[in-house]
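# What the coordinates show
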Amino acid sequence: MVSILSEDAFSSHGIPCAASVYRPSAPAAENVPVIVMAHGFGCVRTLRLPAYAERFAAAGYVVVVFDYRYFGDSAGRPRQLLDVAAQLDDWRAAIGWARTLDGVDPQRIVGWGTSLAGGHVITLAGTGTPLTAIIAQVPHVNGFAAVRATGAQQAARLLPAALDDTWRALLHRTPRYLDSVGAPGTCSIMATPDARPALERMAAADGLALDDLPITVAARIVLRIGLYSPIRHAAAVTCPALIQVTSEDAVTPTTETRKAASRMPQATLKSYPGHHFDVYVEPLFDTVVADQLEFLRSVAPVTA
């Protein structure tokens, strides 16, 4: 049994970011490691992340799960603005805040990221943010490869909205939005056959309806995501890293992720059958989390 100690917030560049703090219901130790977690492309912390956090807290860890500014319960305008630099700043602020929590060991911080956030923890660890270890689940590592995987036809379909939204930003107007996920052939950023059904399964696993969650982003990110390649920092990731991939990932190409892992001095690579979103739900979820817990016990054990 675990309980959420608090729904709290920290400040990132003056903007309040919402955070849930999970703790063991019966702490076995003081000064325990703390795991900081955030979601991927356009998602909010209430979508499946509590399922991971509860497992980690049950194993004795303190866990901080946060929403980026502009998303979920965090503040910031305009809404649903995906800004990579801002998200990295939010990560740094969350890590700094997590170090101040009661009962945690400020020297043992683990960064846990999935999809786009998996790329974020690689970037952070490779650019000087002090982390004990990272877990990067189906991570975004190569922007060009991710864009190429979408196909030229789909990229052309998204380009007018991206250009329009960029122009609107220059004029300080409200954004033009695109759906984060959709069926192939639609004007959606992740338009793979499994994307929307997978998110519906993820929401259902939490007793939610996908229509109740924000699944849009400001379209300008289409012009920028191709420039974001955490693989450039992989060789500088000197802390232990668990990198988890799926065999048929059409969102974050597995070949590039394997290449990134090969450059990390202390990387453990785990591969699973399935698609990008399968790691979040059964039948893969239990195996994926079990591997994460095994890794955590080896690099940041909870000691009595």
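The rules we used
- Residues numbered from 1 in each chain as written.
- Predicted model: local features only at pLDDT ≥ 70, side-chain atom pairs only at ≥ 80, totals over all residues.
- Heavy atoms only, no water.
- Helix = DSSP H or I, 4+ residues; strand = E, 2+ residues; numbered from the N terminus.
- Buried < 20%, exposed > 50% of the residue type's maximum accessible area, 1.4 Å probe, protein only.
- Pairing = 2+ DSSP bridges.
- Arc of directions from axis to C-beta.
- Contact = heavy atoms within 4.5 Å.
- Axes fitted to C-alpha atoms, helices over the stretch in contact; angles between N-to-C directions.
- 1 Å grid on protein atoms, 1.4 Å probe; cavity = no way out; pocket = protein on both sides within 12 Å on 5 of 7 lines; lining within 4 Å.
- Points joined across faces, edges and corners; volume = space filled by probe spheres on them.
- Nonpolar A, V, L, I, M, F, W, Y, C, P; charged D, E, K, R; others polar.
- Phe/Tyr/Trp six-rings, centres within 6.5 Å; stacked < 30°, edge-to-face > 60°.

## Some details on the environment of Lys 259
Positionally, Lys 259 belongs in helix H7 (residues 254-263). Spatially, the C-alpha atoms of Lys 259 and Asp 206 are 33 Å apart, while their sequence positions differ by 53 residues.

## What to know about the pairing of strand E5 (residues 104-114)
In the case of a regular strand, side chains alternate between the two sheet surfaces. Summarising burial for E5: 9 of the 11 residues are buried, a large majority. In this structure, strand E3 (residues 32-38) lies alongside E5, joined through 6 bridges in parallel fashion. Within E5, the residue paired with Val 36 across the bridge is Gly 111. Bridging between E5 and strand E6 (residues 133-137) involves 5 bridges; their strand directions are parallel. Across the sheet, the residue bridging to Trp 112 is Ile 135, located in E6.

## Quick notes on H7
Along an α-helix, residues three or four apart share an orientation, since each turn contains 3.6 residues. Listed as buried for H7 are Thr 254, Glu 256, Thr 257, Ala 260 and Ala 261. Seen along its axis, H7 keeps its buried residues to an arc of 160°; they face one direction. Projecting away from the buried face of H7 at angles above 90 degrees are the exposed residues Thr 255 and Ser 262. Against helix H4 (143-150), strand E10 (241-246) and strand E11 (267-272) lie the buried residues of H7.

## Concerning the sheet that holds strand E8 (residues 188-190)
The strands making up a sheet are joined through hydrogen bonds of the backbone, oriented either antiparallel or parallel. With mixed pairing, 3 strands are arranged side by side in an open sheet as E8-E7-E9. In this open sheet, the two edge strands, each paired with only one partner strand, are E8 and strand E9 (216-218). Each neighbouring strand pair of the sheet contributes to a mean axis angle of 40°, computed without reference to strand direction. Summarising the sheet, strand E7 (residues 177-181) and E9 pair through 3 bridges and their orientation is antiparallel. Across the sheet, residue Leu 178 finds its bridge partner in E9, namely Val 217. Its contacts with the sheet place helix H5 (residues 152-170) against E7, E8 and E9, and it is angled at close to 120° to E8.

## Quick word on the layout of surface pockets
Size it by volume and the largest pocket reaches roughly 470 Å³. Around the largest pocket, the lining comprises 23 residues; the ones closest to its centre are Ala 146, Val 147, Thr 150, Ile 189 and Met 190. In terms of residue class, the lining of the largest pocket is made up of 15 nonpolar, 7 polar and 1 charged.

## Here we look at the packing of aromatic side chains
Within the structure shown, the criterion is met by 6 aromatic pairs. Between Phe 10 and Phe 66, the ring centres sit 5.6 Å apart and the planes meet at 75°, which makes this aromatic pair edge-to-face. Taken as a pair, Phe 10 in strand E1 (residues 2-12) and Phe 66 in strand E4 (residues 62-66) lie far apart in primary sequence, 56 residues in all. When the centroid spacing of 4.8 Å and the interplanar angle of 55° are considered together, the rings of Tyr 52 and Trp 112 count as tilted. On the criterion of sequence distance, the pair formed by Tyr 52 in helix H1 (residues 49-58) and Trp 112 in strand E5 is long-range, its members being 60 residues apart. Assessed through its relative accessible area of 0%, Tyr 52 is described here as buried.

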